[in-house]
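So you can see what is in the structure, the chains are spelled out below.
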Amino acid sequence: MCKKMILVLFIAALVLAQSVQAEEGKLGVSFDLTYTSKWLSKGAEGYGQKGGLFKTIDIDLYGTGFGVKVTHRNATSSGYVDKQRFDYRPYFKSQAFEDKPWATNYNISVGYEHYPGLARHKANTTFEWIFAFSWPNILPAGFIPSYIAHYEYPAESGEVYNHITGWVHRFGLSYDLSVPDIPQALRLSSEIAYTDGLGGASHDWSYATFGLSTVLKLGDNTSFVPGVYHQLSMDDSVNKRDVTYTMLSLRYAF
């Protein structure tokens, strides 16, 4: 049922996008290649002590706000072959209350996570809803608060991994710091997360993350985004140790 729902939503978005193509603009396609020295998925180490490599294609449907992302995730070395996965994520993003102090950017999406190396009866597929909001005007210039809610559950009923069902709530604050002789601002970011039973974890504050990143323009359509982050782990049922990691992203817009 859920698979059919995602298919219907995506087809409806595509039809709507095609109907307003002339008014809204052209099809947008971008590619993102990201290396991370550790993959922390909602605070948990997805590949243990090993890094991850993510390849994402993002298709923006003619500026309508509708789009779809397809991502392939894998570890950077052996030992996690069965944990490589594809994410298929239709989304809709826009802004409400434009030009108001409470202007709200939002991105609502649903993802289908597929692990091709696992047998279907082992619950190798999962759905995840993400509700992301940010408020660019509500605080003094440069400060942007955000809230992201994740809800995850198995793609089929009656499976042995139904216990993974649960929420994660992430509360963030970022600040763009202008530095002389650096063309782009440095982004200082922080977030604290409350894990609400996802994956059998406790219902408690689970981690806080602090980061520093920037965007380096390599050309008209190409950018490089380096970042360094530190996670303070507060709940052993999610992660038993603090983790420092780097992320390097290369982005190209066609």
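Residues numbered from 1 in each chain as written. Predicted model: local features only at pLDDT ≥ 70, side-chain atom pairs only at ≥ 80, totals over all residues. Heavy atoms only, no water.

Chemist: Got a minute to help me understand the overall build of the protein chain in this structure?
Modeler: Each helix and strand counted, the protein chain has two helices and 15 strands in total. A total of 254 residues make up the protein chain; the buried ones form 38% of that total. Pairs at least 24 residues apart make up 50% of the contacts formed inside the protein chain by residues separated by at least 6 positions. Taken as a whole, the protein chain presents about 13,900 Å² of accessible surface, with 61% of it coming from carbon and sulfur. (Helix = DSSP H or I, 4+ residues; strand = E, 2+ residues; numbered from the N terminus. Buried < 20%, exposed > 50% of the residue type's maximum accessible area, 1.4 Å probe, protein only. Contact = heavy atoms within 4.5 Å. Areas by Shrake-Rupley, 256 points an atom, 1.4 Å probe, with all protein chains shown as cover.)

Chemist: What exactly am I supposed to notice about the pattern of salt bridges here?
Modeler: It is possible for side chains of opposite charge to pair when their charged atoms get near one another. Here the structure, examined in full by the defined rule, presents ten salt bridges. In this structure, the salt-bridge partner of Lys42 is Glu152, at a minimum N-O distance of 3.3 Å. Here Lys42 is found in the loop between β2 (40–41) and β3 (44–45), whereas its partner Glu152 is found in strand β9 (residues 143–154), with 110 residues between them in sequence. In this structure, Lys42 and Glu152 share a single accessibility class: buried. (Salt bridge = Lys/Arg side-chain N within 4 Å of Asp/Glu carboxyl O.)

Chemist: Could you clarify how one ought to interpret the pairing of strand β7 (residues 104–114) in this entry?
Modeler: Two faces, one strand: in a regular strand the side chains alternate between the faces of the sheet. Bridge analysis of strand β6 (residues 85–96) against β7 gives nine bridges, and the strand direction is antiparallel. Bridging across to β7, Tyr91 finds its partner in Ser109. Alignment of β7 against strand β8 (residues 125–134), held across ten bridges, turns out to be antiparallel. Looking across to β8, one finds that Asn107 is bridged to Ala132. (Pairing = 2+ DSSP bridges.)

Chemist: So what exactly am I meant to see when it comes to the packing of aromatic side chains here?
Modeler: Two numbers describe a pair of aromatic rings. These are the distance of the centres and the angle of the planes. Going through the model one piece at a time under the given rule, you end up with 20 aromatic pairs. Note on Trp129 and Phe131: the rings are 6.0 Å apart at their centroids and 10 degrees apart in plane angle, and the pair reads as stacked. Given the relative accessible area of 25%, Phe131 is considered partly exposed. Note that Arg73 overlies the ring of Phe54, its terminal NZ or CZ placed 4.9 Å from the centroid. (Phe/Tyr/Trp six-rings, centres within 6.5 Å; stacked < 30°, edge-to-face > 60°. Lys NZ or Arg CZ within 6 Å of the ring centre and 35° of its normal.)

Chemist: Would you take a moment to explain unusual backbone geometry for this structure?
Modeler: Apart from glycine, the bulk of residues carry a negative phi angle, and the bulk of peptide bonds sit in the trans form. One non-glycine residue, Lys42, adopts positive backbone phi at about 55 degrees. Even without glycine at this site, Asp181 takes up a positive phi of about 75 degrees. Tracing the chain through its elements places Asp181 in the loop between β10 (166–177) and β11 (186–196).

Chemist: Before we go on, may I ask you to explain the environment of Tyr112 in this structure?
Modeler: Counting through the fold element by element, Tyr112 comes out in strand β7. We classify Tyr112 as buried; its relative accessible area is 18%. Along the primary structure Tyr112 and Pro90 are separated by 22 residues, whereas in three dimensions their C-alpha atoms are 9.2 Å apart.

Chemist: Looking at this structure, I do not really get the side chain of Thr64. What am I missing?
Modeler: Relative to the assigned elements, Thr64 resides in the loop between β4 (52–60) and β5 (66–75). For Thr64, the side chain forms a polar contact with the main-chain oxygen of Leu61, separated by 2.8 Å. (Polar contact = N/O pair within 3.5 Å; in protein donor to acceptor, adjacent residues only side chain to side chain.)

Function cannot be read off these values alone, since they describe shape.
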